[in-house]
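# Coordinates in review
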Protein chains: 4
Amino acid sequence: MTNFVPTPSVPAPDIVRCAYMEIVVTDLAKSREFYVDVLGLHVTEEDENTIYLRSLEEFIHHNLVLRQGPIAAVAAFAYRVKSPAEVDAAEAYYKELGCRTERRKEGFTKGIGDSVRVEDPLGFPYEFFYETEHVERLTQRYDLYSAGELVRLDHFNQVTPDVPRGRAYLEDLGFRVSEDIKDSDGVTYAAWMHRKQTVHDTALTGGNGPRMHHVAFATHEKHNIIQICDKMRPCASATGSNGPRPAPVSNAFYLYILDPDGHRIEIYTQDYYTGDPDNPTITWDVHDNQRRDWWGNPVVPSWYTEASLVLDLDGNPQPVIVREEKSEMAVTVGAEPSPTPAR
Amino acid sequence: MTNFVPTPSVPAPDIVRCAYMEIVVTDLAKSREFYVDVLGLHVTEEDENTIYLRSLEEFIHHNLVLRQGPIAAVAAFAYRVKSPAEVDAAEAYYKELGCRTERRKEGFTKGIGDSVRVEDPLGFPYEFFYETEHVERLTQRYDLYSAGELVRLDHFNQVTPDVPRGRAYLEDLGFRVSEDIKDSDGVTYAAWMHRKQTVHDTALTGGNGPRMHHVAFATHEKHNIIQICDKMRPCASATGSNGPRPAPVSNAFYLYILDPDGHRIEIYTQDYYTGDPDNPTITWDVHDNQRRDWWGNPVVPSWYTEASLVLDLDGNPQPVIVREEKSEMAVTVGAEPSPTPAR
Amino acid sequence: MTNFVPTPSVPAPDIVRCAYMEIVVTDLAKSREFYVDVLGLHVTEEDENTIYLRSLEEFIHHNLVLRQGPIAAVAAFAYRVKSPAEVDAAEAYYKELGCRTERRKEGFTKGIGDSVRVEDPLGFPYEFFYETEHVERLTQRYDLYSAGELVRLDHFNQVTPDVPRGRAYLEDLGFRVSEDIKDSDGVTYAAWMHRKQTVHDTALTGGNGPRMHHVAFATHEKHNIIQICDKMRPCASATGSNGPRPAPVSNAFYLYILDPDGHRIEIYTQDYYTGDPDNPTITWDVHDNQRRDWWGNPVVPSWYTEASLVLDLDGNPQPVIVREEKSEMAVTVGAEPSPTPAR
Amino acid sequence: MTNFVPTPSVPAPDIVRCAYMEIVVTDLAKSREFYVDVLGLHVTEEDENTIYLRSLEEFIHHNLVLRQGPIAAVAAFAYRVKSPAEVDAAEAYYKELGCRTERRKEGFTKGIGDSVRVEDPLGFPYEFFYETEHVERLTQRYDLYSAGELVRLDHFNQVTPDVPRGRAYLEDLGFRVSEDIKDSDGVTYAAWMHRKQTVHDTALTGGNGPRMHHVAFATHEKHNIIQICDKMRPCASATGSNGPRPAPVSNAFYLYILDPDGHRIEIYTQDYYTGDPDNPTITWDVHDNQRRDWWGNPVVPSWYTEASLVLDLDGNPQPVIVREEKSEMAVTVGAEPSPTPAR
């Protein structure tokens, strides 16, 4: 039986949205080539060890920090909160949960002010901040608009062994579930959860964790994703990508690619508005083979097995705990081929 | 000097988003042809006198009510609030403002429950409701997806003589300004204001009012708008449309068309996220000829003069008050031709 | 050693383009639903046993004839020639080749005049005609333009055991090769051949034949194909489709779907101009796993095995001859998985 | 009465397509910025005085030559012919017409071999060549694909005072008319004429001439044109552009922009196939206000008055002869406003 995270007596911090991810990469030059030259993210600032990147329509300092380090991993999943006081609220909240926290008035990265980082109950390094340097929103810099332009950070996706436990914890933290995948035995395989008015700010994927499944950026239109996929080819052996797909889950059109360290990046477009209090939650049956690909392409097994390590507050990888419940892969991949015509 | 609307002592209702507009049309059959056959809105329900329409991704009962009547006008700008209690809050708020209000537990239209309608300080018929019948969200009904599919109600646009007065009133009501148009004398010509995390739920356009400038629906991509524009041609004499344009204001790509009664409809796509508390407000100079059309097409004069009447709670048209300040049209239209090359 | 088709002494007919295909379907009502309701082809004329369909921009009577019959098969691959005299040329050409021919002054189908049908040296039922009824070109009927609109017939694709033999025969007939797939032993697996200025009017795929691999219709843009793929889902079990792909071969973006009888239909967009006399021929290596899918999705095995029977001039299926050379499937499918990332 | 160009007794050269234009620019650095940095044409070769540019899918040496010179003008409208012998045919054809001709075995520009240039009966500098250096076709260089990528040279457009005279001359030369604009008095205002299987390789616009109205490049999709239009803004005062439009004539979606010297460039997409011998010619009525803009935007007057000078074979501008017949502008521009709604 699930050992649920207790609900704190103090109020949860008021989270606005997922704001940035800090990832450790082992070859900064190669990563720069991938994120700047191929994906076209915009450099806000950079130095020998670190690159601060943002999407076209962002006005905060960055959506992605690449930091040179010895082991490819994720150092922080950072959320923006509604006011400076909410950073205090976050600190108090996690302290009551008994989690290790670290507060830095000057921020953990350039361009971000007073922040708290925590090792959360699922083992993920979460950050909460309000203060940030405003930078130029490049929305109308059409001269910079590439054929596969990434316009917004859309969401995170986290791998965790016990999805219901993680979901209850995130619901306490104020997230609302837009969609989930279950089976008839009541096993939950994945859940999509949001603060901003889209399908998700983060999602939980059942599997060995804590690990980072992917971080997603949005494009304006579908052709932008097709272009990125076309452009990837020269480094196909490093991407493991095989084409964009439409997902009934989130109703988006999406593409998974891998960076030089194997961190998975999603390119994503056109989910739907979820801002009403009674926004209908959609529950998918794990046996619906088209829940992750409307078109019926078989899902890639590595999507269920490969993910990035996450770091504790000392910068060491968190140990990975094995999922005990049925895995979505075992239940579905290989179980059935894609539909075959009658003839 | 502006005679500002007083700020009530009771809290403003917590508004979620613009939800639907009720408009009176003089020939229901002709309007049905326009909204259903040409624009492709989906009929939730209809009877002899009324048609309830929704966009593809909507799950509440309707986004537009067409009601047969003697005079083309707008009967309600309806907002959804966060909970049933917020309808009480809205009623109390407008009562304190001395506005006429009418509460109907069973709603003013089919599919909507307990609601309050008010004649607001600017003379507009505003409605606030929470309860609504959930209907099928057609998001994954690809068989219904037309080449110019309207996927969401995006915003209203209201014409009012005194924009700063209207803006202050709406800010009290909880709206936040995303963009505005001013001149160096401090005159405000227009303001874009939001509750949901887009550029606007409603906007104020300076002019003789209270009148309804337009109601806007969103498409997924730009080609969807181009298709609607192409399709309009057979009724071009009734539309007054001349092509989609990119607007730096809201950064959207948009098209204005007119329904058979002359109600202006906007088709709109791809504005930006405004959900952060410190989302930067953009102020445009009224003399910037590209603020309303990035490409420099001259603005159509009727955009500044024509608009729809609005009704009081008895169903009679509100008298139109003349704007005394400089008009955006006088300041800009005809003042300068579109840019000419040097040669 | 290949037993080449002799080159006739009389001139080959001057072929303009692939013009229409006549296919036999076993349930006309179900086929109508597929081609008219789902794919949106336009009905020029229909009766109890036959439906004549055309694409949006076509001005000849039809691009596809569906005829009710006992066995699903292809009755004719019809080409338009440059003048009435070229029908005589075609008849003489095939008579010299010793092929069975049948001439009908009034045409084999409605809307087509004087024609000759032949059982060609590869066993395919080819038709040549010039006379046709002109019908309304729907190019500017934007009211008919669907989200997945098919605007032109693009090409045929034929399965034949001996590709070099077929290619030499078609080159004699005036076709020019734009692209082909070979291996280092000199085996040819496929060839793309054109008369009009696109990549192909027909292609030869190595395999058991004579059979029809697919008939292809073009859309304007890529999103049109994505829409068709989305819309297919309800009949996914009958389509065997799994998403559009970009093909380096022809540089097009394409989708394969199956009609209710299993006839394969391709939806295709954006190949390139081939009209110059020295248009460079592209030769792909059969071991290049991305030749048929730029993105590296594995090719569907049935693409190499399933195809439609073709009829002789009496309406009986032509016997299928087994390919003796290496098959593209054996050489490539399963041989290698899609690229895996290094991690 | 029109003084028609005589029909030569020798056969016309067999023209394949419009292939490149050579234009003289007054500031090569500024022009480079426009054509390379903004429009994204690809540099095949360049030196101090000349830049050779091509579109993405081109395999001949260039589609545009920019040459530094004292007066902005067009030095050549170059057509590719079907074989080396056709260059002889062209020379003989124009000699019989009494035109000045110049033959250069080594070509007039880099990358082009044996060519003949002529001062044609309408005063235009036409070139005919077959030999050309093949260069890399960039079709699959997705890394080079910009958001507004120009993929092909599509056509020329020439201004000439007497359209029927020009049309008859070009029909003799083997061009076929796809569309034209006339009035009920039989006056012809414009004609679209093709050799390749698109709507045009060149068009004649009635006006003071000989002058060059524009040279057109094609994009794959409509969003590519929108992007170019968005990107132009910073140099709007130099472009005189006001947005892409759909044209019933040619059924294309198009945009006019001006280079730093005022040479007009068209960006164009999605016309239709014209390769059948009996392709229906479309005749538009000059009083149909939507013939040049389906959406009813008023046409820009400068489209009828401004155009580029053309050079004789000595490099001197050809004198401009005034059109005597009614001008399309006088007949239509200003005559009627864009359609107004009834209200």
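Predicted model, so just to flag it, every value in this text is computed and none were measured. (Residues numbered from 1 in each chain as written. Chains lettered and ligands numbered in written order. Predicted model: local features only at pLDDT ≥ 70, side-chain atom pairs only at ≥ 80, totals over all residues. Heavy atoms only, no water.)

### Digging into the relation of the copies chain D and chain C
The two chain copies are connected by a rotation around an axis plus a translation along it. For the pair chain D and chain C, the best superposition has an RMSD of 0.0 Å and corresponds to a rotation of 180 degrees with a translation of 0.0 Å parallel to the axis. Taken together, the rotation and translation describe the operation of a two-fold axis. For chain D, the smallest separation between a C-alpha atom and the rotation axis is recorded for D:E221, amounting to 3.1 Å. Residue by residue, 100% of the interface of chain D is reproduced at the interface of chain C, so both copies engage with the same surface. (Least-squares fit on C-alpha atoms with pLDDT ≥ 70 in both. Contact = heavy atoms within 4.5 Å.)

### Details of the packing of helix α4 (residues 222–232) of chain B against helix α4 (residues 222–232) of chain D
At a minimum axis distance of 10 Å, the contact between α4(B) and α4(D) shows a crossing angle of 100 degrees. By the criterion of interaxial angle, the relationship of α4(B) to α4(D) is roughly perpendicular. Every residue of α4(D) that contacts α4(B) at B:K222, B:I226 and B:D230 is listed here: D:K222, D:I226 and D:D230. Of the residues that constitute the contact of α4(B) with α4(D), the class distribution is two nonpolar, no polar and four charged. (Axes fitted to C-alpha atoms, helices over the stretch in contact; angles between N-to-C directions. Helix = DSSP H or I, 4+ residues; strand = E, 2+ residues; numbered from the N terminus. Parallel < 35°, antiparallel > 145°, perpendicular 65-115°, else oblique. Nonpolar A, V, L, I, M, F, W, Y, C, P; charged D, E, K, R; others polar.)

### Details of the domain arrangement of chain A
All names here are of chain A. Along its sequence, chain A is organised into domain 1 (15–132) and domain 2 (148–309). The straight-line distance from the C-alpha centre of domain 1 to that of domain 2 is 20 Å. Taken together, the contact between domain 1 and domain 2 spans 44 residues of the former and 42 residues of the latter. Here domain 1 is connected to domain 2 by one salt bridge. The partner of R152 in a salt bridge is E57, with the nearest N and O atoms 3.2 Å apart. Where domain 1 meets domain 2, there are 16 residue pairs in polar contact (both at pLDDT 80 or more). (Domains from an automatic or database assignment. Salt bridge = Lys/Arg side-chain N within 4 Å of Asp/Glu carboxyl O. Polar contact = N/O pair within 3.5 Å; in protein donor to acceptor, adjacent residues only side chain to side chain.)

### Considering the interface of chain D and chain A
At the junction of the two partners, chain D supplies 10 residues and chain A supplies 10 residues. In this assembly, chain D packs against chain A so that about 840 Å² is buried in total across both faces, 63% of it on carbon and sulfur atoms. Counting every contact that joins chain D to chain A gives zero salt bridges. Linking chain D to chain A there are two residue pairs in polar contact (both at pLDDT 80 or more). (Buried area = accessible area lost by both parts, 1.4 Å probe.)

### Focus: the UniProt feature "domain: VOC" (unreviewed entry) in chain A
Within this numbering scheme, the UniProt entry marks residues 17–131 and 152–270 of chain A as carrying the feature "domain: VOC" (unreviewed entry). In residues 17–131 of chain A, helix accounts for 20% and strand for 41%; the two terminal C-alpha atoms are 14 Å from one another. (UniProt positions renumbered as here; feature names shortened; annotations may be inferred.)

### Here we look at the confidence of the model for chain A
Residues and elements named next belong to chain A. Overall, the prediction assigns chain A a mean pLDDT of 89, with 88% of residues at 70 or greater. Note on residues 234–242: pLDDT is under 50 here. Beyond four places in sequence and across chains, it has 25 contacts. Across residues 333–343 the pLDDT falls below 50, and counting only partners more than four positions away or on other chains, this stretch makes 24 contacts in the model. On the interface metric, ipTM, the complex scores 0.92, and its pTM is 0.93. (pLDDT = per-residue confidence, 0-100.)

### Points about the interface of chain D and chain C
Contact residues are listed per partner, giving 33 residues for chain D and 34 residues for chain C. At the boundary of chain D with chain C, total buried surface from both sides reaches about 3,100 Å², with 48% on carbon and sulfur atoms. Where chain D packs against chain C, one counts six salt bridges. Two residues, D:R80 and C:D276, come together in a salt bridge whose shortest N-O distance is 2.7 Å. For the interface between chain D and chain C, the tally reads 17 residue pairs in polar contact (both at pLDDT 80 or more). Looking at side-chain class alone, the side of chain D that touches chain C contains 12 nonpolar, nine polar and 12 charged residues.

### Some points on the relation of the copies chain D and chain A
For the pair chain D and chain A, the best superposition has an RMSD of 0.0 Å and corresponds to a rotation of 180 degrees with a translation of 0.0 Å parallel to the axis. With an isologous cut-off of 70% or more, the 100% of interface residues of chain D that recur at the interface of chain A puts this contact in the isologous class.

### Describing the sheet that holds strand β1 (residues 15–25) of chain C
Residues and elements named next belong to chain C. The eight strands are arranged β2-β3-β4-β1-β5-β8-β7-β6 in an open sheet whose pairing can be described as mixed. Every interior strand has two partners, whereas the edge strands, β2 (42–46) and β6 (101–104), have only one. Averaged over all pairs of adjacent strands, the angle between their axes in this sheet comes to 20 degrees, without regard to strand direction. Pairing between β6 and strand β7 (residues 115–119): four bridges, direction antiparallel. Bridging from a neighbouring strand, R103 pairs with V116 of β7. Sheet contacts for helix α2 (residues 85–96): β5 (73–81), β6, β7 and β8 (125–129); angle to β6, the most-contacted strand, approximately 160 degrees. (Pairing = 2+ DSSP bridges.)

### Regarding unusual backbone geometry
For the peptide bond that leads from C:G209 to C:P210, omega is 10 degrees, which places it in the cis range. Here C:P210 is to be found in the loop between β12 (202–206) and β13 (211–218). Of note in this structure, A:Q270 is not a glycine but carries a positive phi near 65 degrees. Inspection of the secondary structure assignment puts A:Q270 in the loop between β16 (264–269) and β17 (282–285). Judged by relative accessible area, which is 13%, A:Q270 ranks as buried. (Buried < 20%, exposed > 50% of the residue type's maximum accessible area, 1.4 Å probe, protein only.)

### Description of the pattern of salt bridges
This structure, assessed with the given rule, holds 106 salt bridges over all chains. In this structure, B:D278 engages A:R80 in a salt bridge whose closest nitrogen and oxygen atoms are separated by 2.7 Å. In this pair, B:D278 sits in the loop between β16 (264–269) and β17 (282–285) while A:R80 sits in strand β5 (residues 73–81), so the two residues belong to two different chains. According to the relative accessible area criterion, A:R80 is buried, its value standing at 0%. In this structure, D:E171 and D:R167 form a salt bridge, with 3.9 Å as the shortest nitrogen-oxygen distance. Placement of the pair is D:E171 and D:R167 together in helix α3 (residues 163–172), with a separation of four residues, close to one helical turn. Within this structure, A:D88, A:E91, A:K95, A:R103, A:K105 and A:D114 form a network of salt bridges that share partners.

### Focus on the pairing of strand β9 (residues 152–160) of chain C
Residues and elements named next belong to chain C. Among the nine residues that make up β9, eight are buried, leaving the element largely enclosed by the rest of the structure. As judged from the five bridges shared by β9 and β12, these two strands associate in the parallel manner. Paired with T160 across the strands is G206, a residue of β12.

### So, the packing of aromatic side chains
The full count for this structure, using the stated rule, is 54 aromatic pairs over all chains. Ring geometry for B:F77 and B:F124: centres 5.4 Å apart, planes at 90 degrees, overall edge-to-face. Pair noted here: B:F77 is in strand β5 (residues 73–81) and B:F124 is in the loop between β7 (115–119) and β8 (125–129), with a separation of 47 residues, a long-range link. Grouped by ring-pair contacts, the aromatic residues C:F77, C:Y79, C:Y93, C:Y94, C:F124, C:Y126, C:F128, C:F156, C:Y169 and C:F175 constitute a single cluster. One cation-aromatic arrangement involves A:R264 over A:Y256; the distance from NZ or CZ to the ring centre is 5.8 Å. Over the ring of C:F253 we find C:K222, and its NZ or CZ is 5.8 Å from the ring centre. (Phe/Tyr/Trp six-rings, centres within 6.5 Å; stacked < 30°, edge-to-face > 60°. Lys NZ or Arg CZ within 6 Å of the ring centre and 35° of its normal.)

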